[in-house]
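Coordinate inspection notes
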Amino acid sequence: MVANEGGYEPSVIANPVNSSFLIDVARLRVGMYIQLDLGWMNHPFPVSSFRIASPEQIGTLRSLGLQQVRWVPARSDPEVRELPGEAAAEEGAHPHAAASPAAADAPDGPAEAEPASLLQERLAAQRRSLARCDEQFARATRTYERLALHAEQDPAEARRATEALVQGCVSQLSDHSETAIRLLSERVGTRAALHSVNVAVLSLLLGKTLGMRGDDLGDLGIAALLHDLGKITLPPHVAQPGAPLGPADQALYEAHVGESVVLAQRMGLGRAVVSAIAQHHERADGGGFPLGLKGSELGRSGQVLALVNHYDRLCNPLHGVQPLTPHEALSVLFAQHKSRFDAKVLQSFIRLMGVYPAGSIVQLTNERYAIVVAVDSGRPLRPRVIVHDPAVPRDDALVLDLEQARDLGIRRSLRPAQLPRDALDYLSPRKRICYFFERAVDAAEADTARAAADGEAA
């Protein structure tokens, strides 16, 4: 292809936003947006495309032994979007066709230079963190499955197992000033166990957000874990229906609330626990069951449990209903079901989960697709995501913290069916949404940890 008089190929002029050309590393300046045509493990930066933020980063780029790098003027700071034509020619710079979409649209994440060994450690730490949350959730589901199996024959042991599990979670939450809600891997376990543990985890987090502590928080966690225990007395097609129930079976299904109360009483659990279990299908507008309680007739634990139980059923429904994404579920709660729940509890839940809860599929402001994998309670509007990047194997993808990538945000939420096939396969949206919690690491702590690691590397 013949270049025009201005020195640019026509294809570049037609797509100026994504146009790039190679320039000598000696001409790099702070503010330039560059793309490294290197594999992830062959350079020390968190991402391969970024805006140069410091002279130190330029020094790191030069130390890689590169002669030239790809520069995207349109995405650079205004003062460095142009180079004198003759200077560029003298330095051997020449126009280049637009980079591949994967490179041109790479996240504008923070680009602090890090040793390759530290990047590998970050990936290992990321895997350890997820594995730890996965194992804690799996242990909880196994405990629930055992106590459900023996609750009628040995209520005292069922109570002991329940209290030990919940107290462990409460202790962890008490140790964390701020927590992050973490999306888990695909879960293995019975539907009843996954639902009960999920509701218990989110109820504890919401209870803490509302100021509940100590025994009050523990009672809420116990009630949340056991709220559906009465379903063990129901026929399987009623306890976990795969289709809408007829009137007789629906009445039988609603009776599980009373059965759960009876089992809790046999276990010798206190009034606060029993009351919350009894109210987990009640609604603030009086439209719930079994008693049609409303407003002030509901206790705080019952309000929390009712809301969280409903949210989980929107994401992980019964009756063969199409599941909602976490973002859709939260939107439905706010826009359509607001009158059913206590206003303060609902507002606190929305703040806790964030606008895009963990598990949401999103499109970023640079058009890339991502899945939200964690939301920190202290900054719910800037979640952590994994970005679809064909250049990086899915198992090697580092979590991108949008709090640290300030020039990148979320444009919109998507349903999995709206994703291109390659992005769908890469991001692997969960068929079942399950959460656990972990300690939130704020930016200052992350900087401290990074500085310590850099010191060790030196």
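Okay, so let's go over this structure. This one's a predicted model, so the numbers in the text were calculated from it and none came from an experiment.

Turning next to the packing of aromatic side chains. Applying the stated criterion to the full structure yields 3 aromatic pairs. Ring geometry for F21 and W71: centres 4.9 Å apart, planes at 80°, overall edge-to-face. Residue F21 is located in strand β1 (residues 20–24), and its partner W71 is located in strand β4 (residues 68–71); the two are separated by 50 residues in the primary sequence. For the pair formed by F21 and W71, the shared burial category is buried. Here the aromatic rings of Y311 and F349 are separated by 5.2 Å at their centres, their planes lie at 75°, and the arrangement is edge-to-face. Placement of Y311 in helix α13 (residues 300–315) and of F349 in helix α15 (residues 343–353) is noted, with a sequence separation of 38 residues between them. Neither Y311 nor F349 differs from the other in exposure class; each is buried. In this structure, K338 is placed above the aromatic ring of F334, and the distance from its NZ or CZ to the ring centre is 4.1 Å.

With that out of the way, let us pick up the packing of α13 against helix α14 (residues 326–335). Interaxial distance between α13 and α14 falls to 9 Å at its minimum, and their mutual angle equals 135°. When the axes of α13 and α14 are compared, the pair comes out oblique. Both α13 and α14 take part in a crossing whose hand is right-handed. For the pair α13 and α14, the contacting residues are L307, H310, Y311, L314 and C315 in the first and P326, A329, L330, V332 and L333 in the second. Within the contact of α13 with α14, the residues separate by chemical class into 9 nonpolar, 1 polar and no charged.

This part covers the pairing of strand β8 (residues 369–376). Of all 8 residues that make up β8, 8 are buried, and the element is covered over most of its length. Pairing between strand β6 (residues 179–183) and β8: 3 bridges, direction antiparallel. By the bridge assignment, I181 is partnered in β8 with V375. Note that strand β7 (residues 361–364) and β8 share 3 bridges and pair antiparallel. For I361, the partnering residue across the bridge sits in β8 and is I371. Between the antiparallel neighbours β7 and β8 lie 4 residues, among them E367 with a positive phi of about 80°. Across 4 bridges, the pairing between β8 and strand β9 (residues 384–387) is antiparallel.

Once that is clear, we can look at the nonpolar core. Of all hydrophobic cores here, the largest spans 82 residues; its most connected members are L206, L229, Y311, L333, F349, M353 and Y435. Within the second largest apolar cluster, 16 residues are counted, among which are F21, M32, F45 and V69.

Between its terminal C-alpha atoms helix α7 (residues 191–209) stretches 27 Å, which fits the 27 Å expected from 19 residues at 1.5 Å a residue. The element α7 is extensively covered by neighbouring structure, given that 16 of its 19 residues are classed as buried. At the exit of α7 stands G211, carrying a positive phi of roughly 95°.

The rules behind each value
Residues numbered from 1 in each chain as written. Predicted model: local features only at pLDDT ≥ 70, side-chain atom pairs only at ≥ 80, totals over all residues. Heavy atoms only, no water. Phe/Tyr/Trp six-rings, centres within 6.5 Å; stacked < 30°, edge-to-face > 60°. Helix = DSSP H or I, 4+ residues; strand = E, 2+ residues; numbered from the N terminus. Buried < 20%, exposed > 50% of the residue type's maximum accessible area, 1.4 Å probe, protein only. Lys NZ or Arg CZ within 6 Å of the ring centre and 35° of its normal. Axes fitted to C-alpha atoms, helices over the stretch in contact; angles between N-to-C directions. Parallel < 35°, antiparallel > 145°, perpendicular 65-115°, else oblique. Left-handed = near helix turned anticlockwise from the far one by under 90°. Contact = heavy atoms within 4.5 Å. Nonpolar A, V, L, I, M, F, W, Y, C, P; charged D, E, K, R; others polar. Pairing = 2+ DSSP bridges. Core = buried A, V, L, I, M, F, W, Y, C linked by side-chain atoms within 4.5 Å. Expected span 1.5 Å × (residues − 1).

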